[in-house]
Amino acid sequence: MADRNRRRINIEGVLRFALEHQDIVPAGESNYQPASEDRRTWLRAALEFLSNAESEIDRLKACTEILKKSEIKRNDRNIDVYADSDDDKKLVSNALEEIIEIIDQIDNARDFCTIGGFKYVVNLIKDIKNNDIIILACNVIATVTQNNPSCQEFAIRCDVIQPLLNALQNFNIPEVKVKCVYALSSLIRDNTKALESFAENDGFSIIVRCLQVKAPKLRIKIAFLCKALCTQRPEIKDVLLRVGFVDHLAVVLQDPHNSYHEYVLSALSVIADDHSASIEACRQPHLELEKSLRSIKDLISSNPELREAQQEELHYCEKLLACCFTDDSFTIGER
């Protein structure tokens, strides 16, 4: 509650500051124009709305109004990047942060969709190139849709998947990519329509290619998502195999030992489980997967501290070696 009250004060503070400093010309901006009366009017109205809002739904409505007005002005100004000094950037950031704090309750998440706030968050993903804004917007989408079927259906109607995939491809900052995968994962797991839309928009190819980015959190998120999908829907294994999932995971395991290896091994063991085509893919000589597995196994087994801490990782290594590289796993004449 203290954090929420502090967020409320922050938003109101930004509004008050904007109102009080509209006519101060920033240094170096000779073409700066004082605020129009329309801008002053909406700032006053937003401040009054926020000051009077008491319930959580009122706060969501107030934050939605900020997102709506900011979008209108953004379109009028024809911009896709907020300057750090832009009042609207501060307002949007604070509004998104407050929304995240409120929608962690399912009923509030539904209310946020009902009052029209969600579509403005999706439009931020579509239109804005500020890394910090995209990260916050992805957090809102993930929080709204996670384990919430009605909000997932609403998100699908808002066509959120394609903008998230575009952001995942186009932003180079690993944290932005992580948050995009987080939002996608919250939406497509346990939702057939969302998963179909994800597949139709080449989502599997896109996330598998992202494994090339040397960012541990991103690799963990992707491995976790693909493992979950394969566990829920074994037919996904065929799709992942076609887009090179096994090859990419095997290459990742050639890197020096890292925290994400356990998650990669876990995903690989699931896709190879009772799936002969994936087992064959694991045996491709150029991947040197058997060598990687034995190297990781030896590293963990020879270090008492690692052996204690990485029991799951050791288990996955042994499982994959037994599944793909023992004599019993080959038909006669294969080895």
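All of these numbers come straight from a predicted model, not from anything done at the bench.

Chemist: When you look at the overall build of the protein chain in this model, what are you seeing that I'm missing?
Modeler: Per the secondary structure count, the protein chain includes 20 helices and zero strands. Across the 335 residues of the protein chain, 49% fall into the buried class. Once local pairs closer than 6 in sequence are excluded, the contacts in the protein chain between residues at least 24 apart make up 72%.

Chemist: I would appreciate a short explanation of the confidence of the model for the protein chain in the present structure.
Modeler: Summarising the model, the protein chain shows a mean pLDDT of 88, and 81% of its residues fall at 70 or more. Confidence drops under a pLDDT of 50 for residues 23-27, and excluding neighbours within four residues, the segment shows six contacts in the predicted structure. pLDDT under 50 marks residues 331-335. Its contacts with residues more than four places away, or in other chains, come to eight contacts.

Chemist: Can you walk me through the pattern of salt bridges in this structure?
Modeler: Where charged atoms of side chains with opposite charge meet at close range, the side chains can pair. As enumerated under the stated definition, the model contains 14 salt bridges in all. Across the salt bridge formed by Asp-86 and Arg-77, the nearest N and O atoms sit 3.1 Å from each other. Here Asp-84 and Lys-89 are joined by a salt bridge, their closest N and O atoms 2.7 Å apart. Linked by salt bridges that have partners in common, Glu-71, Arg-74 and Asp-127 make up one network.

Chemist: Please explain the packing of aromatic side chains as it appears in this structure.
Modeler: Geometry of an aromatic ring pair is reported as the spacing of the ring centres plus the angle between the planes. A complete count under the given rule lists two aromatic pairs for this structure. On the numbers, 6.0 Å between centres and 80° between planes, the contact of Phe-118 with Phe-154 is edge-to-face. On the criterion of sequence distance, the pair formed by Phe-118 in helix α6 (residues 117-127) and Phe-154 in helix α8 (residues 149-157) is long-range, its members being 36 residues apart. Taking the relative accessible area as the measure of exposure, Phe-118 reaches 0% and is therefore buried. For the ring pair Phe-198 and Phe-204, a centre distance of 5.0 Å and an interplane angle of 80° mean the geometry is edge-to-face. Among the residues examined, Phe-198 registers a relative accessible area of 0% and is labelled buried.

Chemist: I keep staring at the packing of helix α3 (residues 56-77) against helix α4 (residues 87-102) and nothing clicks. Help me out?
Modeler: Viewed as axis vectors pointing N to C, α3 and α4 meet at an angle of 150°, and their least axial separation amounts to 9 Å. In terms of crossing hand, the pair formed by α3 and α4 is left-handed. Where α3 approaches α4, its residues Glu-56, Arg-59, Leu-60, Cys-63, Ile-66, Leu-67, Ser-70, Lys-73 and Arg-77 are matched on the opposing element by Asp-88, Leu-91, Val-92, Ala-95, Leu-96, Glu-98, Ile-99 and Ile-102. When the residues that make up the contact of α3 with α4 are grouped by side-chain class, the tally is ten nonpolar, one polar and six charged.

Chemist: Sorry, what's going on with unusual backbone geometry here?
Modeler: Positive phi, close to 55°, is recorded for Asn-78, a residue that is not glycine. Its relative accessible area of 69% is what places Asn-78 among the exposed residues. Positive phi, normally seen in glycine, also occurs at Asp-190, with a value near 70°. Tracing the backbone through its elements, the reader meets Asp-190 in the loop between α10 (174-188) and α11 (192-200). Asp-190 sits in the exposed class, given a relative accessible area of 59%.

Calculation rules
Residues numbered from 1 in each chain as written. Predicted model: local features only at pLDDT ≥ 70, side-chain atom pairs only at ≥ 80, totals over all residues. Heavy atoms only, no water. Helix = DSSP H or I, 4+ residues; strand = E, 2+ residues; numbered from the N terminus. Buried < 20%, exposed > 50% of the residue type's maximum accessible area, 1.4 Å probe, protein only. Contact = heavy atoms within 4.5 Å. pLDDT = per-residue confidence, 0-100. Salt bridge = Lys/Arg side-chain N within 4 Å of Asp/Glu carboxyl O. Phe/Tyr/Trp six-rings, centres within 6.5 Å; stacked < 30°, edge-to-face > 60°. Axes fitted to C-alpha atoms, helices over the stretch in contact; angles between N-to-C directions. Left-handed = near helix turned anticlockwise from the far one by under 90°. Nonpolar A, V, L, I, M, F, W, Y, C, P; charged D, E, K, R; others polar.

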